[in-house]
Amino acid sequence: MVVMKMKFPFQKRVKLAQGLWLLSWCATVAGATTFTLGCLLKTELRRRAEVMDNTDIHVVPNTLMIVGLASLGINYFASKICQDALDAGRFPRWKNFLKPYFAVSCFFTVLMLLSVIMSYAMKGSLESSLKAGLRNGIRFYKDTDTPGRCFQKQNIDRLQMEFRVLWKQRLQGLICSFSRVKSNVDGRYLVDGVPFSCCNPRSPRPCIQYHLTNNSAHYNYDYLTEELNIYLRGCREALVHYYMGLMNTIGAGVLSIFILQGSVLVSLRFLQTAMEAVAGKENTEIETEGYLLEKGVKDTIMEYLDPVLKFFLLKNGGKVEEGAAADKPAAVP
Amino acid sequence: MSVGKVTFTKVEREKLAEVLWLLNWISVVTGAILLGMGLFLKMEIQKWQEVMSEQGVLYVPHMLITTGLAACGINFLGGKICLDCADTNKFLRWKLVMMPYVICTFFFTACILAGALMCYNIRSELEESLFLGLRYSMLYYKDTDTPGRCYLKRMLDLLQIHFQCCGNTGYKDWFQIQWISYRYLDLRSMAVVDRLRNNVEGKFLMDSVPFSCCSPLSPRPCIQQQLNRPLAHFNFDQQSQHLNLWRKGCRQALLDHYTIIMQSISLIVLLIWLFELLVLTGVRYLQTAMENVIRVGDPESESEGWILENSLAETARSNFNIIKNLGKCYQVDNDPNINVPAMIAEQEIHSEQVQVQRTS
């Protein structure tokens, strides 16, 4: 049962080859773009690596870079193949190359789609990584004399100023958690104050950093209604928003590149099957049929998986045979 | 005696025309670069224009923008002209335009040089403008409820954070200004009233700075108040004081920022000027060579090209005479169309004068 059969007269084949050549060069540029986008995302994630607990999220830019590089190779070969396709003398030399080529290309194209899905789906992982990372960052904010932690204060201050955020909890949450040093059980010096980097420049009054929950400490001040004094957004929320925005934009771009790459592969498959029907015939300008898959989808997958499985089974089968051969002489006295 | 005389064969003339066509197109690109740099400089100045007392410095980017546009236009035309100059017949079309084109190119090349020198020399004017502008911005820092000044607090805070600076010359400038508005001062409090009374002008002055002066590089939380009394804070030694706030004044920080931009632009503009000079020289040679070919009459022959036909002094003198005589175009004496011998004309004038004397 042939999948997607189409008739290809000579002119249509020529047009297909020309169009495919152009498309494959566009796809090469798109592949380079994917690689660049992967590098960009990785750089951005590394910039804030000190407030992330783990590097799980780095799988997205790593995949994008691998797929970008692979797509450069895939599309380079695609352009070479379609250049030779119309020359009946040169096309047969690609015959043995095409089956593994399509297998590898499909694998990397599916990987591209996976990276797009991951860029949307890894929001939860990013959020939990930032939650743990920021918590540690804030905890070690004061340790400017401890090696390994001395830059945390600087990093958190710069982060808060750049992203216009305050600590990961909202101000209402602070009311519950902060208390004075005398009533604190762990012996830590807690105050209802924030560092200067939480101050909002848009506030019409000079910044109030200390005694935030005490209305009587400041003239004409009510902490429940005061919105402009300090940044109210949490750093975790701001960073997640920033990175998800970046990844969503990149994801949308890579999705369109995936569609382009897919169309290159489909066109190449049609061209290959159409040209194979011409091989051996005297008149190369006859009308031929091109198709996507010779057998059904399931049969084609089994056809590709069989060599891989046989490779592993043969190994096991060989060992079984050797074992049997070894046993036989031993069995015979 | 011509200046820079060179002899051109037909092949050399054609090659010169081709090369100049290419150079003119490159000049269009450099003109676009000039335009881009002018726009960039204008945007950079307008970003922080509230801290500049007057907008006089904007004439530099305007000059660059105008010159860039002129460069694009003139060199686009020049490309067309040079392409046609390879052929004698096509050159005749442009014959009358060539001289004005060369003069225009000369003037706009001079403008490019002027632009480069302006960029280089603007520092002192900018410093004065920034000094006054920052002083006024700091004075009106607290006026967040006055229309026309309400944005100054935010702008100054963002400036200090972005450029890592504090105050005009240093952080102590804030001690001489009341930067806390009366709206947020409890005038019933004795401490506040005392402080207001202690000051001659009735201003609320403190030895404290806004939060935007704080440096994240400090190992301790920022100390903004009682800066003149280090003993008021625990363990506030020399080193802590040094790291606590930004030490640089905003005037110096902004001046450094703009100086770097202007110097880079000035260098690029100088390089563009040298390139334009090259193009101008080539076009002048091509113009004179083609004119001489037409004068000789034989398109295949060799011709001479030069920069100036006579020496510099003679050319200056003849141009001066042309300008002097521009206003005398309607005088009878000099009209070449009237065939009046000079001697008879003088006699007639003399006899008229005598008759007039007799009648009076």
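Residues numbered from 1 in each chain as written. Chains lettered and ligands numbered in written order. Predicted model: local features only at pLDDT ≥ 70, side-chain atom pairs only at ≥ 80, totals over all residues. Heavy atoms only, no water.

An unreviewed UniProt entry annotates chain B as Peripherin 2-like b of Oryzias melastigma. As stated in UniProt under Sequence similarities (unreviewed entry), the record for chain B gives "Belongs to the PRPH2/ROM1 family." Taken verbatim from the UniProt record of chain B, the Subcellular location (unreviewed entry) comment is "Membrane". (UniProt positions renumbered as here; feature names shortened; annotations may be inferred.)

Identification of chain A as Peripherin-2 from Oryzias melastigma is taken from an unreviewed UniProt entry. According to its UniProt record, chain A has this under Subcellular location (unreviewed entry): "Membrane".

## Focus on the nonpolar core
Within the largest apolar cluster, 94 residues are counted, with the highest numbers of intra-cluster contacts made by B:V51, B:L159, B:W174 and B:V209. Contributions of two or more residues to this core are made by α1 (10–47), α2 (59–85), α3 (88–121), α4 (123–139), α5 (152–163), α6 (190–198) and α8 (250–296) of chain B. Take this core: its biggest share by element is 19 residues, from α8(B). Excluding residues that lie within four positions of it along the chain, B:V209 makes contacts with B:C166, B:Y171, B:W174, B:F175, B:W179, B:Q224, B:L227 and B:L245. Counting 57 residues, the second largest nonpolar core, distinct from the first, contains A:F8, A:I74, A:I138 and A:L292. (Core = buried A, V, L, I, M, F, W, Y, C linked by side-chain atoms within 4.5 Å. Buried < 20%, exposed > 50% of the residue type's maximum accessible area, 1.4 Å probe, protein only. Helix = DSSP H or I, 4+ residues; strand = E, 2+ residues; numbered from the N terminus. Contact = heavy atoms within 4.5 Å.)

## Here's the deal with the interface of chain A and chain B
Taken residue by residue, the interface counts 20 residues in chain A and 25 residues in chain B. Surface buried jointly by chain A and chain B totals about 2000 Å² across both partners, of which 64% is contributed by carbon and sulfur atoms. Three residues, A:F196, A:P201 and A:Y219, lead the burial of chain A against chain B; their summed loss comes to 30% of the area buried on that side. The tally of links between chain A and chain B comes to zero salt bridges. Our count for the chain A to chain B interface comes out at three residue pairs in polar contact (both at pLDDT 80 or more). A breakdown of the residues in the side of chain A that touches chain B according to their chemical character gives nine nonpolar, six polar and five charged. (Buried area = accessible area lost by both parts, 1.4 Å probe. Salt bridge = Lys/Arg side-chain N within 4 Å of Asp/Glu carboxyl O. Polar contact = N/O pair within 3.5 Å; in protein donor to acceptor, adjacent residues only side chain to side chain. Nonpolar A, V, L, I, M, F, W, Y, C, P; charged D, E, K, R; others polar.)

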